[in-house]
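# Results of the structural survey
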Amino acid sequence: MIHKPLLATVLGERQARPPVWIMRQAGRYLPEYRETRAKAKNFLDLCYTPELAIEVSLQPLRRFDLDAAIMFSDILVIPDALGQKVAFEQGEGPVLEAISETSIDRLQPERALEHLAPVLETLRGLKAALAPDKTLIGFCGSPWTVATYMIGGRGSTDQAAARLFATRHPEAFAALMDILVETSINYLVAQFAAGADVVQLFESWALNLDDEAFDERVIGPNKRIVEGVRAKVPNAPIIGFPRGAAGNLARYAAETGVNALGLDYATPLDFAAGNLPDTLAVQGNLDPLRLVAGGSQMDERIDRIVDAFSDRPHIFNLGHGIVPETPIENVARLINRVKNG
Ligand code: CP3
């Protein structure tokens, strides 16, 4: 077996320098992404056309010395696969036909995996194309995060619609979470079968929850997914990214059983170094806007992050996705700094 430094780190092996990938590394900051994107009818079409999705997944690795490719798709292919109307409007983000407490039973989990077949085809193509030392990352959105879009119909800063729904309609909410947990398990198991080395659970909206809600909506469903996937894929390597988990972070890691913990940029380095078991791999956590600004402030912060996690398995990444305004030369500078000091 050829050594894959990023996969090995997820599994607990410390490297001399941290391996690196960048959340949303395939995207609009790259002119070649925008060019390929223009060939697809719309964004979901790009996700469901393996030839184009493979191309955009590989683009960042042609430019930069990254240790992983992440399959190109989106977390909202799951509601789409369940039969909910999903559209990506230019400049507006995703728009969904919001579900209600009486429309959940119209979702069609039995057809979901078939609908997602093109994404699995993308993974198989990437597996064949990637150099053997590169790690192939699959992913899905965690149930609560996906539910916030399904219930709210669009992104929001406070997830108010979903928080109210979960509180007012606990039975309907539990039914929705069951569907999302089940569909995500099947999807991730299929991703491993199609060649993923590791998968990431994107819980982008783990914030704005009281501790009881955090247990019920974040820890519980993520734990069920980890256990459900590992029942079919023993020891499946899984990264959890509960963005905004703050004081719930250590509990999330311990109770869900993920191998690696993605840290958002607001997580204090001291807190992470002091409160997480030192065998747990961590991933993160540069502020994406420091990457936009670049220069010496970025270099210094990169060094501080690398130092803070030098005695544990660490994957370098941003603390949230790269933004379209990011200068490409800053990305090259970041990767060089991480790899060579
Ligand atoms: O990381 C990668 O390169 C793989 C692809 C990927 C995309 N989305 C492509 C994308 C991944 C892993 C995601 C995850 C995702 N999608 C998340 C979780 C991560 C996070 O950033 O919090 C969320 C919340 C979504 C939902 C989503 N998709 C939103 C809110 C938007 C619109 C806002 C935005 O960032 O553009 C998208 C669209 C989207 N997903 C784009 C890309 C490249 C841009 C669409 C375009 O090209 O027009």
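Quick caveat, the model's predicted, so the values are computed rather than measured.

Reading the values: rules and limits
- Residues numbered from 1 in each chain as written.
- Predicted model: local features only at pLDDT ≥ 70, side-chain atom pairs only at ≥ 80, totals over all residues.
- Heavy atoms only, no water.
- Helix = DSSP H or I, 4+ residues; strand = E, 2+ residues; numbered from the N terminus.
- Rg over C-alpha atoms; globule rule 2.2 N^0.38 Å.
- Buried < 20%, exposed > 50% of the residue type's maximum accessible area, 1.4 Å probe, protein only.
- Near = heavy atom within 4 Å.
- Polar contact = N/O pair within 3.5 Å; in protein donor to acceptor, adjacent residues only side chain to side chain.
- Areas by Shrake-Rupley, 256 points an atom, 1.4 Å probe, with all protein chains shown as cover.
- Nonpolar A, V, L, I, M, F, W, Y, C, P; charged D, E, K, R; others polar.
- Contact = heavy atoms within 4.5 Å.
- Core = buried A, V, L, I, M, F, W, Y, C linked by side-chain atoms within 4.5 Å.
- Phe/Tyr/Trp six-rings, centres within 6.5 Å; stacked < 30°, edge-to-face > 60°.
- Lys NZ or Arg CZ within 6 Å of the ring centre and 35° of its normal.
- Expected span 1.5 Å × (residues − 1).
- Bend = angle between axes of the 7 residues up to and from the residue.
- Pairing = 2+ DSSP bridges.
- Axes fitted to C-alpha atoms, helices over the stretch in contact; angles between N-to-C directions.
- Salt bridge = Lys/Arg side-chain N within 4 Å of Asp/Glu carboxyl O.
- Parallel < 35°, antiparallel > 145°, perpendicular 65-115°, else oblique.
- Left-handed = near helix turned anticlockwise from the far one by under 90°.

If you tally the helices and strands in the protein chain, you get 16 helices and nine strands. Expected size for 341 residues packed as a compact globule is a radius of gyration near 20 Å; at 19 Å, the protein chain falls within 12% of this value. Judged by the C-alpha coordinates and their principal axes, the protein chain covers about 55 × 45 × 40 Å. By the burial criterion, 57% of the 341 residues in the protein chain qualify as buried.

Quick look at the site of the ligand now. Inspection of the region around the ligand gives 21 residues, with Arg28, Tyr33, Asp74, Ser204 and His320 positioned closest. A distance of 2.9 Å separates an oxygen atom of the ligand from a polar atom in the backbone of Ala26. One of the side-chain nitrogen or oxygen atoms of Tyr33 is found 2.5 Å away from an oxygen atom of the ligand. In the complex, 88% of the free accessible area of the ligand, which totals 880 Å², lies under the protein chains. Counted by class, the shell around the ligand contains 12 nonpolar, five polar and four charged residues.

Residue position: Asn330 is located in helix α16 (residues 328-340). For Asn330, a relative accessible area of 11% translates into the label buried. Residues contacting Asn330, with those up to four places away along its chain left out, are Leu291, Val292, Ala293, Gly294 and Met298.

What follows concerns the nonpolar core. Membership of the largest hydrophobic core comes to 125 residues, with the highest contact counts inside it found for Val229 and Leu334. At 13 residues, helix α10 (residues 170-193) tops the list of elements feeding residues into this core. If we ignore the near neighbours within four places in the chain, the residues touching Leu334 are Ile22, Leu286, Leu291, Met298, Ile302 and Phe316.

Turning to the packing of aromatic side chains, a few remarks are in order. According to the stated counting rule, one finds six aromatic pairs in the structure shown. Between Tyr33 and Phe72, the aromatic rings sit 5.8 Å apart at their centres with planes inclined by 50°, giving tilted as the arrangement. Pair noted here: Tyr33 is in helix α2 (residues 31-37) and Phe72 is in the loop between β1 (68-70) and α5 (77-81), with a separation of 39 residues, a long-range link. Phe72 matches Tyr33 in its accessibility class, with the two residues each being buried. Members of the aromatic cluster, each reached through a chain of ring pairs, are Tyr33, Phe43, Phe72 and Phe88. Above the ring of Trp144, the side-chain terminus of Arg217 is found at 5.1 Å from the ring centroid. Cation over ring: Arg217 sits above Phe173, and NZ or CZ is 5.9 Å from the ring centre.

For the rest of this paragraph, the subject is helix α11 (residues 211-232). Helix length check: α11, at 22 residues, gives a terminal C-alpha distance of 31 Å against a target of 32 Å (1.5 Å per residue), a fit within 8%. Maximal helix bending in α11 amounts to about 30°, located at Ile219; proline Pro221 follows within four positions. Among the residues of α11, Ala213, Phe214, Arg217, Val218, Ile219, Pro221, Asn222, Ile225, Val226, Gly228 and Val229 are the ones counted as buried. Looking at the buried side of α11, the elements it contacts are α8 (143-152), α9 (160-168), α10, β5 (198-203), β6 (238-242) and α12 (249-256).

In this section: the pairing of strand β3 (residues 93-96). Strand direction decides the pairing type here: strand β2 (residues 86-89) and β3, joined by four bridges, are antiparallel. Looking across to β3, one finds that Ala87 is bridged to Val95. Between β2 and β3, which pair antiparallel and follow one another directly, the connecting turn spans three residues, one of which, Gly91, has a positive phi of 75°.

Within the open sheet, the seven strands sit side by side as β1-β4-β5-β6-β7-β8-β9. Their pairing is parallel. Only two strands of the sheet have a single partner each, and these edge strands are β1 and β9 (314-318). In this sheet, adjacent strand axes meet at a mean angle of 25° when their direction is disregarded. In the sheet, strand β7 (residues 260-262) pairs with strand β8 (residues 281-286) via three bridges, with the strands oriented parallel. The residue bridging Gly262 from the neighbouring strand is Gln283, located in β8. With respect to the sheet, α12 is in contact with β6 and β7, its orientation differing from that of β6 by roughly 150°.

Before going further, it helps to examine α8. Most of α8 sits out of view: nine of its 10 residues are buried. Pro143, Trp144, Thr145, Val146, Ala147, Thr148, Tyr149, Met150 and Ile151 are the residues of α8 that are buried. Phi turns positive one or two residues past the end of α8, at Gly153, with a value near 85°.

Counted under the stated rule, the structure contains 18 salt bridges. Here Lys41 ties to Asp45 by a salt bridge, and the two come within 3.8 Å at their closest N and O atoms. A salt bridge links Glu227 to Lys223, with the nearest nitrogen and oxygen atoms 3.2 Å apart. With a gap of four residues between them, Glu227 and Lys223 both fall in helix α11, about one helical turn apart. On the accessibility criterion, Lys223 (33% relative accessible area) is partly exposed.

Remark: helix α4 (residues 50-63) packs on helix α7 (residues 117-129), axes separated minimally by 9 Å, with the N-to-C direction vectors making an angle of 50°. Relative to α7, the element α4 lies oblique. For the pair α4 and α7, the crossing hand works out as right-handed. Where α4 abuts α7, its residues Pro50, Ala53, Ile54, Ser57 and Leu58 lie against Pro118, Glu121, Thr122, Gly125, Leu126 and Ala129. Here the residues of the contact of α4 with α7 sort into seven nonpolar, three polar and one charged.

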